[in-house]
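So you can see what is in the structure, the chains are spelled out below.
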Amino acid sequence: MSEPQLQIRVIPVTPLQQNCSLIWNEATKNAALVDPGGDIDRLLGVLEQFGLELTRIWLTHGHFDHAGAAAELRERTGVSVEGPHRDDQFWLDLIEESAQRYSVSGLRNVTPDRYFEDGETLEFEGVRFDISHTPGHTPGHVVIHNTELKIAFVGDVLFAGSIGRTDFPRGNHEQLIHSITSKLWPLGDEIAFVPGHGPTSTFARERQSNPFVADRITGYAGATTHAPDIGEQRASKRWS
Ligand SMILES: [Zn+2]
Ligand SMILES: [Zn+2]
């Protein structure tokens, strides 16, 4: 049996234009939402428009623009909220307060039904997704990825041409850089990623031109897609 073809569509939500990702199986019409930060009626409207049933709610981190609609979405659909890592619970408890500061209404604090752990595996429609704990922007930030589909949902860890802010409580710039080079780059150059804000990109492009985490700046010397086998072995030893 061949793996189901998953469709992905990015829906920007909240005034911060946060990239909420809708993933679905066209055959079964089951859907997952990554980072439903707000605009819940719009998200439910898209699900209805495509005839989809929500079966997963996944969060990359606790900031209000990523997690603000999760509580109400759970209430209205009965679907569990999963993620991020438990170290972001303090942010999930600050959603209402931080949303008010940005004059965004209708968002709510949330306690997930379960937290994600580094190295954990998720299943959606017979497809496996992996969790990497990637602290730095927030202490409990996770990245959700699938190396076969060559896709990663990286939240506010990495952007096209930039990286996440680290001037928040418990943010840490060095840690963020380390998360990117030790957890993201080894997944492979060919990975396309959906960042929390702005356009999508690939790890290859960021390793080449990102002013914060290009290889020439970080000194990263891990395997690239086209490296000979021996180079890849050396890299996996260095970065594992
Ligand atoms: Zn954030
Ligand atoms: Zn964000």
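Fair warning: this is a prediction, and the values are worked out from it, not measured in the lab. Each chain carries its own residue numbering, running from 1 in the written order of its sequence. Note on labels: chains are lettered from A, ligands numbered from 1, in written order. In view of the model being predicted, local features appear only for residues whose pLDDT reaches at least 70, and side-chain atom pairs are presented and counted only at 80 or more, with totals across whole chains, interfaces and linings using the full set of residues. Hydrogens and water molecules were not included; the side-chain quantities draw on all heavy atoms of the structure.

*Asks:* Describe empty space enclosed by the protein, naming the residues involved and giving the relevant values.
*Replies:* We place a 1 Å grid over just the protein atoms. Points where a 1.4 Å probe fits but has no way out form a cavity, open points with protein on both sides within 12 Å along at least 5 of 7 lines form a pocket, and any residue with an atom within 4 Å of a point lines it. Grid points are joined across faces, edges and corners, and a volume is the space filled by probe spheres set on the points. By the definition in use, this model includes 1 cavity of 30 Å³ or more. Approximately 40 Å³ is the volume attributed to the largest cavity. Forming the walls of the largest cavity are Gln18, Asn19, Ser21, Val34, Asp35, Thr60, Phe153, Val154, Gly155, Val194, Pro195 and Gly196.

*Asks:* Any details on the coordination of the zinc ion (ligand 2)? Residues and values, ideally.
*Replies:* Here the zinc ion (ligand 2) is held by Asp65 (OD), His66 (NE2), Asp156 (OD) and His197 (NE2), and the distances to it run 2.1 to 2.5 Å. Atoms are scored as donors when they are N, O or S and lie within 2.8 Å of the metal, with 3.2 Å used for Na, K and Ca; no water is included, so coordination may look incomplete. Tetrahedral means four donors with every angle between 85 and 135 degrees, whereas square planar (four donors) and octahedral (six donors) require angles over 155 degrees between opposite donors and between 65 and 115 for all others; sites fitting neither are termed irregular. Each of the 4 donor atoms around the zinc ion (ligand 2) contributes to a set of angles spanning 83 to 157 degrees, which defines the coordination as irregular. Between the zinc ion (ligand 2) and the zinc ion (ligand 1) the interatomic distance comes to 3.5 Å, and aspartate 156 is a ligand of both metals. Placement of the pair is histidine 66 in helix α2 (residues 64–67) and histidine 197 in the loop between β12 (192–195) and β13 (201–202), with a sequence separation of 131 residues. Looking at histidine 66, the relative accessible area reads 0%, which means it is buried. Exposure remark for histidine 197: the relative accessible area of 18% places this residue in the buried category. In DSSP terms, a helix is any run of H or I states spanning at least four residues, a strand is any run of E spanning at least two, and both are numbered starting from the N terminus. Residue burial is assigned from relative accessible area. The probe radius is 1.4 Å, only protein chains are included, and a residue is buried under 20% of its type maximum, exposed over 50%, and partly exposed in between.

*Asks:* Which residues make up the layout of surface pockets, and what values do they have?
*Replies:* Gaps left between atoms are located by rolling a probe of water-molecule size over the structure's atoms. Roughly 340 Å³ of internal volume is contained in the largest pocket. Around the largest pocket, the lining comprises 18 residues; the ones closest to its centre are His63, Phe64, Tyr102, Arg165 and Phe168. Within the residue set of the lining of the largest pocket, elements represented by two or more residues are α2 and α5 (95–101). Charged residues are taken to be Asp, Glu, Lys and Arg, nonpolar residues to be Ala, Val, Leu, Ile, Met, Phe, Trp, Tyr, Cys and Pro, and polar residues to be all remaining types, Gly included. Here the residues of the lining of the largest pocket sort into 8 nonpolar, 5 polar and 5 charged.

*Asks:* If you had to explain the coordination of the zinc ion (ligand 1) to someone new, which residues and values would you point to?
*Replies:* His61 (NE2), His63 (ND1), His137 (NE2) and Asp156 (OD) make up the full set of protein donors to the zinc ion (ligand 1), lying at 2.1 to 2.3 Å. In this structure, the zinc ion (ligand 1) is coordinated by 4 donor atoms arranged in irregular fashion, with angles at the metal of 91 to 161 degrees. Look at histidine 63 and you get buried, because its relative accessible area is 7%. Accessibility expressed as a relative area gives 3% for histidine 137, which makes it buried.

*Asks:* Which residues make up the pairing of strand β6 (residues 121–124), and what are the values?
*Replies:* What you see with β6 is a clean split: Leu122 and Phe124 sit on the buried side and Thr121 and Glu123 on the side with no burial. Examined bridge by bridge, β6 and strand β7 (residues 127–133) share 4 bridges and lie antiparallel to one another. Paired with threonine 121 across the bridge in β7 is aspartate 130. Two strands make a pair as long as DSSP finds a minimum of two bridges between them.

*Asks:* Explain the UniProt feature "domain: Metallo-beta-lactamase" (unreviewed entry) in the protein chain to me, and be specific about the residues and the numbers.
*Replies:* UniProt positions are given in the numbering used here, feature names are shortened, and annotations may be inferred rather than shown by experiment. Residues given the UniProt feature "domain: Metallo-beta-lactamase" (unreviewed entry) here are residues 17–197. The distance separating the terminal C-alpha atoms of residues 17–197 is 6 Å; by composition the span is 25% helix and 28% strand.

*Asks:* How would you explain the sheet that holds strand β8 (residues 142–146) if you had to name every residue and give the values?
*Replies:* The strand order across the open sheet built from 6 strands is β6-β7-β8-β9-β12-β13, with neighbouring strands paired in mixed fashion. Pairing within the sheet leaves two strands with one partner each, and these edge strands are β6 and β13.

*Asks:* Tell me about the sheet that holds strand β4 (residues 53–58), and please be specific about residues and values.
*Replies:* Sheet architecture is open: 5 strands sit in the order β1-β2-β3-β4-β5, paired in mixed fashion. Two strands close off the open sheet at either side, each with one partner strand: β1 (6–13) and β5 (81–82). Pairing of β4 with β5 involves 2 bridges; the strand directions are parallel. Bridge pairing links tryptophan 58 to glutamate 82 in β5. By the convention used here, residues are in contact when the closest approach between their heavy atoms is within 4.5 Å. To get an axis, fit a line to the C-alpha atoms, keeping to the stretch in contact for a helix; angles then go from 0 to 180 degrees between the N-to-C directions. Across the sheet, helix α1 (residues 40–49) touches β1, β2 (18–25), β3 (30–34) and β4, and the angle it forms with β1 is around 155 degrees.

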